[in-house]
Protein chains: 2
Amino acid sequence: MRMTHSSLTDHIDAPESTPRLEKWLLPLIFRIVGPAPVRLVLGNGKGFSPPGVAPRFTMWIRDLRTLAELLIDTEIAFGDAFVEGRIRVTGDLADFLEVVYASMGDAHRGPGWCSRALSRWIGFWQANTLEGSRHNIHSHYDLGNDFYRLWLDSQLVYTCAYFPSVSATLEEAQTAKLDYVCRKLRLQPGETVIEAGCGWGALALHMARNYGVHVKAFNISREQIRYARQRADEEDLNDKVGFIEDDYRNVSGKFDAFVSVGMLEHVGAENYPALGSVIHRTIGDRGRGLLHFIGRTQQSQFSPWIRKRIFPGAYVPALREAMQVLEPFGYFVHDVEDLRPHYARTLEHWLDRFDKSASQVLSTYGAEFERAWRLYLAGSIAGFRTGTLQLFQIHFAGSKYAPLPWTRADLYTESSQARESEAAEWIPATS
Amino acid sequence: MRMTHSSLTDHIDAPESTPRLEKWLLPLIFRIVGPAPVRLVLGNGKGFSPPGVAPRFTMWIRDLRTLAELLIDTEIAFGDAFVEGRIRVTGDLADFLEVVYASMGDAHRGPGWCSRALSRWIGFWQANTLEGSRHNIHSHYDLGNDFYRLWLDSQLVYTCAYFPSVSATLEEAQTAKLDYVCRKLRLQPGETVIEAGCGWGALALHMARNYGVHVKAFNISREQIRYARQRADEEDLNDKVGFIEDDYRNVSGKFDAFVSVGMLEHVGAENYPALGSVIHRTIGDRGRGLLHFIGRTQQSQFSPWIRKRIFPGAYVPALREAMQVLEPFGYFVHDVEDLRPHYARTLEHWLDRFDKSASQVLSTYGAEFERAWRLYLAGSIAGFRTGTLQLFQIHFAGSKYAPLPWTRADLYTESSQARESEAAEWIPATS
């Protein structure tokens with residue numbers, strides 16, 4: 001027997017919740033998420049878990065209204081109720097979300113109708129126009145550097161790290177990532193690089209300091225640019241790095257290489273041709289570039305809750321969609337690498353540090369903020385573990401870019417690794 | 001001044017070609033191909049080359065009719081006239097085609113209207129239905145193993161090799177390629193592999209012999225399957241490898257890995273979902289696979305002359321199009337590598353061997369056949385050198401495939417390389 005939304009709403013409007021109703025509604029959750037090893041408890045009621053499945057987690061749902069919302073629009077309702085304390089989960093949050101995502105994937109359930117409608121509506125008022133992008137980016141990245149300093153590495157790198165081995169520390173893995181990007185680009189001293197979306201400037205500084213290149217780095221987050229400039233001052237790298245507070249669409253000049261790490265997620269699919277055009281007018285057919293971004297296996301909407309609460313305007317493309325940046329301009333795709341497990345590991349480090357700073361976050365930003373960010377970090381871990389999210393690095397070049405090595409072996413030879421561990425030993429002036 | 005097609009035809013119909021007409025028509029070629037360093041000579045006339053460009057090659061055009069055809073539909077006309085001896089080129093043919101392709105790329109000229117119409121028409125009668133594919137494949141691959149033995153390596157590998165270094169021999173590079181594919185797939189002893197489009201069986205035999213896996217290999221070329229079975233007999237590998245003369249669409253059974261090297265070109269874009277469906281029903285969400293195929297940077301028609309004369313039914317996709325095989329089934333793309341320079345080098349080896357066997361080819365197959373194949377090989381070299389063609393290896397996996405290593409470094413470590421050179425020393429029983 002399958003309930004329709006209207007028959008469900010009729011029952012919610014009934015004045016009292018009886019144990020009979022509870023017994024009837026709770027199993028419907030498992031119709032949406034599949035038979036996950038979770039025990040559901042409504043209010044002070046008895047628990048329910050799918051028959052034949054040993055529960056590994058307990059999810060407490062405060063009231064019938066929260067349960068009804070979950071049935072109508074699972075993701076948004078779960079996120080909001082978790083943040084407001086109307087849903088609680090026992091056990092490791094990332095592990096819980098991982099088993100639920102995996103179970104949902106097996107059940108092949110799409111988002112509810114309500115979620116799809118909301119998603120379109122959010123898409124409209126978060127449009128990435130020049131003004132819209134500035135607002136979207138400000139709302140996330142200008143929360144205050146002190147907040148990010150609590151749980152990021154000492155260089156404030158807020159993108160997927162690269163772990164040469166699982167046991168590498170977060171500091172080592174972030175430095176290794178910066179270096180891996182430089183090595184994929186085969187940067188040579190004296191070359192010029194344009195960076196679109198430079199965060200707190202770690203990559204731009206790494207390129208200038210360790211590879212002797214000249215970098216012009218764009219970002220529309222005021223807080224981040226201010227911090228990056230300060231670091232360039234402290235390291236006396238102002239002659240090599242310019243940090244510009246402006247939109248990637250306003251990039252001008254000619255460069256040898258284009259790099260963008262963690263910006264494509266904020267560009268929006270409708271602006272991919274514009275991004276391609278920016279790339280082409282800066283590096284032409286003689287340059288090469290690297291795009292590092294969160295992607296997915298299939299075209300679909302990005303988490304509406306994440307867009308509503310955490311990343312307004314974000315969109316995560318399938319690889320096929322991302323090609324729309326490069327294909328119109330005839331760029332060669334030389335190398336695509338999926339670093340999915342590396343992002344899960346990076347996020348585990350971040351969540352671990354975040355949890356250790358929980359009391360500070362709580363006292364400064366309040367309980368709802370703390371829960372929202374914990375859910376976002378844990379949910380991202382689950383996404384990268386189960387594969388609803390991927391991390392792509394695309395290395396591309398124009399038709400007239402010549403000096404590509406014969407194989408990729410140089411990226412993994414000892415000399416590169418030596419340089420990498422050397423770089424990893426560098427201690428930033430601000431730490 | 002730009003001529004229309006009708007005004008051009010009027011002049012061709014004129015009974016005599018005057019030097020004045022020649023002087024007027026020859027420069028039009030350079031409107032199509034751009035100012036390439038080529039001297040054009042019509043009949044017994046004087047040569048013409050673009051002003052200010054020192055010619056490196058001479059292209060002789062027998063008559064006005066050939067010249068007119070070139071102006072109307074450059075690629076088909078050039079190919080046919082070259083084959084029939086109505087056009088001749090002095091100097092290295094691959095180098096000549098390379099400068100012409102590069103010049104055409106700069107001039108951003110698309111194919112002529114006639115070429116586009118012909119292309120659609122060829123596409124119709126070469127459709128890759130089950131019957132159509134059999135006919136298309138038969139016309140190329142069943143030319144006789146003796147023909148391919150003249151210029152391929154001793155294992156008869158008719159796909160892009162992998163040169164660990166530029167100086168590797170063709171034999172070494174083909175064995176290295178077979179091994180590179182196995183290492184990308186991380187094959188383990190006892191696993192099962194399905195191969196779609198197995199050629200003369202070299203990869204299937206390599207996997208079974210060197211990696212201890214069980215392989216079921218499909219091909220619709222009778223000659224190739226017969227040869228592959230004979231090799232399995234000689235190597236006593238019949239318990240590990242089964243060669244099946246059938247279409248990839250009829251593949252059945254469950255396997256750990258799917259591999260297809262050089263078949264996607266013959267599948268046709270309209271059949272990509274069917275191929276994806278074959279992959280999904282054989283390896284499901286727990287398996288992984290590798291697609292190795294000729295691609296291009298932008299969606300466009302494949303050379304109409306190659307399709308008319310050499311590879312009926314062939315289509316070469318942009319990376320974005322190839323995703324249509326994998327995306328509908330939610331496969332993760334772990335790794336995409338472009339081996340373009342490796343295919344140029346492979347083809348240089350093939351053309352060199354082909355040239356050395358020219359007298360045998362001439363006496364067995366005639367002059368037109370010899371010229372057609374020489375043009376095809378030289379044109380492919382030029383395509384991979386200039387980048388109108390690429391060679392993609394896509395490594396993908398289902399959502400439940402687990403044992404991926406943390407980084408790609410294992411593909412390039414010494415132990416792998418040692419195994420590679422070991423494998424390269426193996427001498428096939430048939431050589």
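Residues numbered from 1 in each chain as written. Chains lettered and ligands numbered in written order. Predicted model: local features only at pLDDT ≥ 70, side-chain atom pairs only at ≥ 80, totals over all residues.

Draft legend 1. Broad picture of the overall build of chain A. Helices and strands together make up the secondary structure of chain A, namely 19 helices and eleven strands. Looking at chain A as a whole, 50% of its 431 residues qualify as buried. Across chain A, contacts joining residues at least 24 apart in sequence account for 73% of those joining residues at least 6 apart. (Helix = DSSP H or I, 4+ residues; strand = E, 2+ residues; numbered from the N terminus. Buried ≥ 20, exposed ≤ 12 C-beta atoms within 10 Å, placed from the backbone. Contact = placed C-beta atoms within 7 Å.)

Draft legend 2. Representation of the interface of chain A and chain B. Each partner contributes to the interface: chain A provides 30 residues, whereas chain B provides 30 residues. Taken together, the elements giving at least two residues each to the side of chain A that touches chain B come down to helix H15 (319-326) and strand E10 (332-338) of chain A. Looking at the side of chain A that touches chain B, its residues break down into 14 nonpolar, ten polar and six charged. The sheet contact formed by E10 of chain A and strand E10 (residues 332-338) of chain B spans three bridges and is antiparallel. By the bridge assignment for E10 of chain B, Asp-335 of chain A is matched with Glu-337 of chain B. (Nonpolar A, V, L, I, M, F, W, Y, C, P; charged D, E, K, R; others polar. Pairing = 2+ DSSP bridges.)

Draft legend 3. Main features of the nonpolar core. The biggest cluster of nonpolar side chains holds 257 residues, and the ones touching the most others in it are Met-207 of chain A together with Met-207 of chain B. Setting aside chain neighbours within four positions, we find Met-207 of chain B in contact with Cys-182, Leu-187, Val-193, Val-213 and Val-215 of chain B. (Core = buried A, V, L, I, M, F, W, Y, C linked by C-beta atoms within 7 Å.)

Draft legend 4. Representation of the pairing of strand E7 (residues 241-245) of chain A within the structure. All names here are of chain A. Two elements, strand E6 (residues 214-219) and E7, share five bridges in a ladder whose sense is parallel. Looking at the pairing, Val-215 lines up with Val-241 of E7. For the handedness criterion, the β-α-β arrangement of E6, helix H11 (residues 222-234) and E7 is classed as right-handed. (Right-handed = clockwise from strand over helix to strand, strands pointing away.)

Draft legend 5. Expanded view of the domain arrangement of chain A. Residues and elements named next belong to chain A. Splitting chain A by domain gives domain 1 (5-110) and domain 2 (130-424). Counting residues per element, the ones that place at least two in the side of domain 1 that touches domain 2 are helix H4 (74-83) and helix H5 (93-107). For the side of domain 1 that touches domain 2, the element with the highest residue contribution is H5, accounting for seven residues. Of the residues that constitute the side of domain 1 that touches domain 2, the class distribution is eight nonpolar, two polar and three charged. (Domains from an automatic or database assignment.)

Draft legend 6. View of the sheet that holds strand E3 (residues 57-61) of chain B. Residues and elements named next belong to chain B. Spatially, E2-E1-E3-E4 is the arrangement adopted by the four strands of the open sheet, whose pairing is mixed. The sheet is open, and its two edges are formed by strand E2 (47-48) and strand E4 (87-89), each paired on a single side. Sheet topology places E3 next to E4; three bridges connect them, and they run antiparallel. When the bridges of E4 are listed, Trp-60 appears paired with Arg-88.

Draft legend 7. Representation of the sheet that holds strand E3 (residues 57-61) of chain A in the model. All names here are of chain A. Strand order in the open sheet formed by four strands is E2-E1-E3-E4, and the pairing between neighbours is mixed. Looking at the sheet topology across the chains shown, the edges are occupied by strand E2 (47-48) and strand E4 (87-89). Judged from the five bridges that link them, strand E1 (residues 38-42) and E3 form a sheet pairing that is parallel. Across the sheet, residue Leu-42 finds its bridge partner in E3, namely Ile-61.

Draft legend 8. Main features of the packing of helix H16 (residues 340-356) of chain B against helix H18 (residues 367-386) of chain B. Residue and element names in this part refer to chain B. As a packed pair, H16 and H18 sit with axes 8 Å apart at the nearest point and diverge in direction by 155°. As summarised for this structure, H16 and H18 are arranged roughly antiparallel, according to the angle between their axes. For the crossing formed where H16 meets H18, the hand is left-handed. Across from Arg-340, Tyr-343, Ala-344, Leu-347, Glu-348, Trp-350, Leu-351 and Phe-354 in H16, the residues of H18 making contact are Trp-373, Arg-374, Leu-377, Ala-378, Ser-380, Ile-381, Phe-384 and Arg-385. Here the residues of the contact of H16 with H18 are counted per class, giving eleven nonpolar, one polar and four charged. (Axes fitted to C-alpha atoms, helices over the stretch in contact; angles between N-to-C directions. Parallel < 35°, antiparallel > 145°, perpendicular 65-115°, else oblique. Left-handed = near helix turned anticlockwise from the far one by under 90°.)

Draft legend 9. Geometry of unusual backbone geometry. Its identity as a non-glycine residue notwithstanding, Leu-156 of chain A has a phi of 55°, on the positive side. Here Leu-156 of chain A shows up in the loop between helix H8 (145-149) and helix H9 (170-184). Even without being glycine, Asp-236 of chain B reaches a positive phi, approximately 60°. Along the polypeptide, Asp-236 of chain B turns up in the loop between helix H11 (222-234) and strand E7 (241-245). Given 10 C-beta atoms within 10 Å, Asp-236 of chain B falls into the exposed group.

Draft legend 10. Structural view of the relation of the copies chain A and chain B. With an axial shift of 0.0 Å and an RMSD of 0.0 Å, the rotation relating chain A to chain B amounts to 180°. Both copies are brought into coincidence by an operation consistent with a two-fold rotation axis. Taken together, the interface assignments show that 100% of the residues at the interface of chain A recur at the interface of chain B, consistent with an identical surface on both copies. (Least-squares fit on C-alpha atoms with pLDDT ≥ 70 in both.)

Draft legend 11. Up close: the packing of H15 of chain A against helix H15 (residues 319-326) of chain B. Two elements in contact, H15 of chain A and H15 of chain B, have axes whose closest approach is 9 Å; the angle formed by their N-to-C orientations is 175°. Comparing the axis directions of H15 of chain A and H15 of chain B gives the class roughly antiparallel. Across the interface between the two elements, Leu-319, Arg-320 and Met-323 of chain A of H15 of chain A pack against Leu-319, Arg-320 and Met-323 of chain B of H15 of chain B. Split by residue class, the contact of H15 of chain A with H15 of chain B holds four nonpolar, no polar and two charged.

Draft legend 12. Looking closely at helix H16 (residues 340-356) of chain A. Between the first and last C-alpha of H16 of chain A there are 25 Å, a value that for 17 residues agrees with the 24 Å anticipated at 1.5 Å per step. Residues Arg-340, His-342, Tyr-343, Ala-344, Arg-345, Thr-346, Leu-347, His-349, Trp-350, Leu-351 and Phe-354 of chain A constitute the buried set of H16 of chain A. (Expected span 1.5 Å × (residues − 1).)

Draft legend 13. Highlighting the environment of Phe-30 of chain B. Residue and element names in this part refer to chain B. Tracing the sequence through the fold places Phe-30 in helix H2 (residues 19-33). Under the C-beta neighbour-count criterion, Phe-30 is labelled partly exposed, with 19 such atoms within 10 Å. Taking the C-alpha atoms as reference points, Phe-30 and Met-104, separated by 74 residues in sequence, lie 9.1 Å from one another. Phe-30 has contacts with Pro-35, Ala-36 and Pro-50, leaving out every residue within four places of it along the chain.

Draft legend 14. A look at the confidence of the model for chain A. All names here are of chain A. Averaged over all residues, the pLDDT of chain A equals 85, while 84% of them reach at least 70. Across residues 1-16, confidence stays below pLDDT 50; counting only partners more than four residues off in sequence or on other chains, it has nine contacts. Considering only residues more than four positions removed or in separate chains, one finds that residues 109-115, a stretch of pLDDT under 50, has 14 contacts. Both confidence scores are given for the complex: pTM 0.88, ipTM 0.87. (pLDDT = per-residue confidence, 0-100.)

Draft legend 15. Up close: the environment of Thr-386 of chain B. Residue and element names in this part refer to chain B. Checked against the element boundaries, Thr-386 lands in helix H18. Owing to 21 C-beta atoms within 10 Å, Thr-386 belongs among the buried residues under this scheme. Taking the C-alpha atoms as reference points, Thr-386 and Arg-149, separated by 237 residues in sequence, lie 28 Å from one another. The contact partners of Thr-386, leaving out residues within four places of it in the chain, are Glu-98, Tyr-101, Ala-102 and Gly-105.

Draft legend 16. Here's a closer look at the environment of Thr-58 of chain B. All names here are of chain B. Mapping Thr-58 onto the fold places it in strand E3. Considered as a pair, Thr-58 and His-266 are 208 residues apart in the sequence and their alpha carbons are 35 Å apart. Apart from the residues lying within four places of it in its own chain, the contact partners of Thr-58 are Arg-39, Val-41, Gly-47 and Thr-90.

Draft legend 17. Layout of the pairing of strand E9 (residues 288-295) of chain A. Residue and element names in this part refer to chain A. Within E9, eight of the eight residues are buried, which leaves the element mostly enclosed by the surrounding structure. Across five bridges, strand E8 (residues 257-261) lies against E9 in parallel orientation. Residue Ala-257 lies in a different strand from E9, and its bridge partner there is Arg-288. Note that E9 and strand E11 (residues 390-397) share eight bridges and pair antiparallel. In the sheet register, Leu-290 faces E11, and the bridge partner there is His-395.

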